[in-house]
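This is what each chain is made of:
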Amino acid sequence: MARPRKPLLSTDRIVDTARALVDAEGLAAVSTRRLAAELGVSGPSLYNHFRTKDQILEAVADSVSAQVDLAMFEDGRDWRTALHDWAVSYRAALRDHPNIVPVLARGPGRRPAGLRLADAVFGAMVDAGWPPAQATSIGALMRYFIMGSALGSFAGGFVDDESAYDPADYPHLGQAHLLAEQQEKVDERAFEVGLGALLDGLTQQFGRATGEAEGAEAV
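Along each chain, numbering runs from 1 in the same order as the chain's sequence is written. Only residues with pLDDT of at least 70 are given local features in this predicted model, and only at 80 or more are side-chain atom pairs given and counted; all residues enter the totals for whole chains, interfaces and linings. Think of the side-chain values as coming from all heavy atoms in the structure, minus any hydrogens and water.

*Asks:* Any chance you could break down the overall build of the chain for me, citing the residues and the numbers?
*Replies:* Here a strand is any run of E in DSSP of at least two residues, a helix any run of H or I of at least four, and the numbering for each starts at the N terminus. If you tally the helices and strands in the chain, you get eight helices and zero strands. Reading the secondary structure of the chain in the N-to-C direction produces α-α-α-α-α-α-α-α. A compact globule built from 219 residues should have a C-alpha radius of gyration of about 17 Å, whereas the chain, at 22 Å, is more than 25% larger. In terms of its C-alpha atoms, the chain occupies a principal-axis envelope of roughly 80 × 60 × 25 Å. It is over C-alpha atoms that the radius of gyration is taken, and the globule rule equals 2.2 Å times the number of residues to the power 0.38.

*Asks:* Give me the packing of helix H1 (residues 11-25) against helix H3 (residues 53-65): which residues, what numbers.
*Replies:* At a minimum axis distance of 9 Å, the contact between H1 and H3 shows a crossing angle of 85°. One element, H1, and the other, H3, form an angle in the roughly perpendicular class. Here Val15, Ala18, Arg19 and Val22 of H1 come into contact with H3, specifically with Ile56, Leu57, Ala59, Val60, Ser63 and Val64. Among the residues forming the contact of H1 with H3, the class breakdown is eight nonpolar, one polar and one charged. Geometry is summarised by axes, namely lines fitted to C-alpha atoms with helices restricted to the contacting stretch, and by angles between N-to-C directions that run from 0 to 180 degrees. These descriptions rest on fixed angle ranges, namely under 35 degrees for roughly parallel, over 145 for roughly antiparallel, 65 to 115 for roughly perpendicular, and the rest for oblique. Whether two residues are in contact is decided by their heavy atoms: any pair within 4.5 Å suffices. Gly is placed with the polar residues, together with every amino acid not listed as nonpolar (Ala, Val, Leu, Ile, Met, Phe, Trp, Tyr, Cys and Pro) or charged (Asp, Glu, Lys and Arg).

*Asks:* Run through H1, naming residues and quoting values.
*Replies:* Every helix has an expected span of 1.5 Å times one less than the residues it contains. With 15 residues, H1 extends 21 Å from end C-alpha to end C-alpha; this agrees with the ideal 21 Å at 1.5 Å per step. Every buried residue of H1 is accounted for by Ile14, Val15, Thr17, Ala18, Arg19, Leu21 and Val22. The positive-phi residue at the C-terminal boundary of H1 is Gly26, with phi of around 100°. The rule is simple: take the accessible area with a 1.4 Å probe, protein chains only, and divide by the maximum for that residue type; under 20% is buried, over 50% is exposed, in between is partly exposed.

*Asks:* Give a detailed account of the pattern of salt bridges, specifying residues and quantitative values.
*Replies:* What makes a salt bridge here is a side-chain nitrogen of Lys or Arg within 4 Å of a carboxyl oxygen of Asp or Glu, nothing more. Scanning all chains against the criterion turns up 10 salt bridges. Among the salt bridges present, the one from Arg77 reaches Asp75, with a minimum N-O distance of 2.5 Å. Note on Arg77: relative accessible area 33%, which makes it partly exposed. For Asp75, a relative accessible area of 44% translates into the label partly exposed. Notably, a salt bridge pairs Arg91 with Glu188, separated by 2.9 Å at the nearest N-O pair.

*Asks:* Report on a negative patch on the surface, specifying residues and quantitative values.
*Replies:* Residues enter a patch when their relative accessible area is above 30% and they make no salt bridge; the linking distance is 9 Å between like charges and 5 Å between nonpolar side chains (Val, Leu, Ile, Met, Phe, Trp, Tyr). For the area figures, the Shrake-Rupley method with a 1.4 Å probe applies, and any residue is considered shielded solely by the protein chains shown. When charges are counted, Lys and Arg are positive and Asp and Glu negative, with His and the chain ends excluded. The location of each charge is read from NZ of Lys, CZ of Arg, CG of Asp or CD of Glu. A cluster of acidic residues, Asp160, Asp161, Glu162 and Glu181, forms a negative patch at the surface. Note that Glu162 resides in the loop between helix H7 (132-151) and helix H8 (183-218). A residue is classified by how much of its surface remains accessible, and Glu162, at 51% relative accessible area, is exposed.

*Asks:* Could you give an account of H7, naming the residues involved and the relevant values?
*Replies:* Taking 1.5 Å per residue, 20 residues should reach 28 Å; H7 reaches 29 Å between its end C-alpha atoms and fits that length. What H7 keeps buried is the set Ala135, Ile138, Met142, Ile146, Met147 and Ala150. With its buried residues spanning 140° around the axis, H7 presents them on a single face. With respect to the buried face of H7, the exposed residues turned more than 90 degrees away are Ala133, Tyr144 and Leu151. Arc, as used here, means the arc of the directions from the helix axis to the C-beta atoms.

Okay, structure coming up:
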């Protein structure tokens, strides 16, 4: 009787398994020994695909970046709408995989999906008329904002025990114990408010930047 065939070990299988571990237990859960056990293979066989744990985590991070929609930079949307829609997609990917955010926060490095993301944002801003230096700054500030929003829940940081907020000590936190049960709603609203304010500010800057450029050309 033939032995049952084991699933073929592949880079995708390793990354998928590592991502599930990170999602469930955090970055510390990933090790070659743990991954090998989860995959049903010997530890050394992983080295045919990844030499180190850091390489595995980099691949997991890139797999999350690959989930971010970039179509808005190619389908004719104006730069402000494109930035908004991209930010929403990016945050959704990070919200689904928050434990990998510290790795993503290091920057794209050599990760292909991360570099495609950076290239799409920068290219779209320059094509829209932003000076390259400002386009770089926009990519940076959007990353700060989106990743910061994904690192932790504001509403979830308050306990649901009313006695924790003695009005003698915290006269303005009388409703803070209600935040936790409205966590998703509060956090989503805060993200949209912040994103709108950020885009409003950029829109004003864009008007000044393009106006100055036109003035210089006229001279």
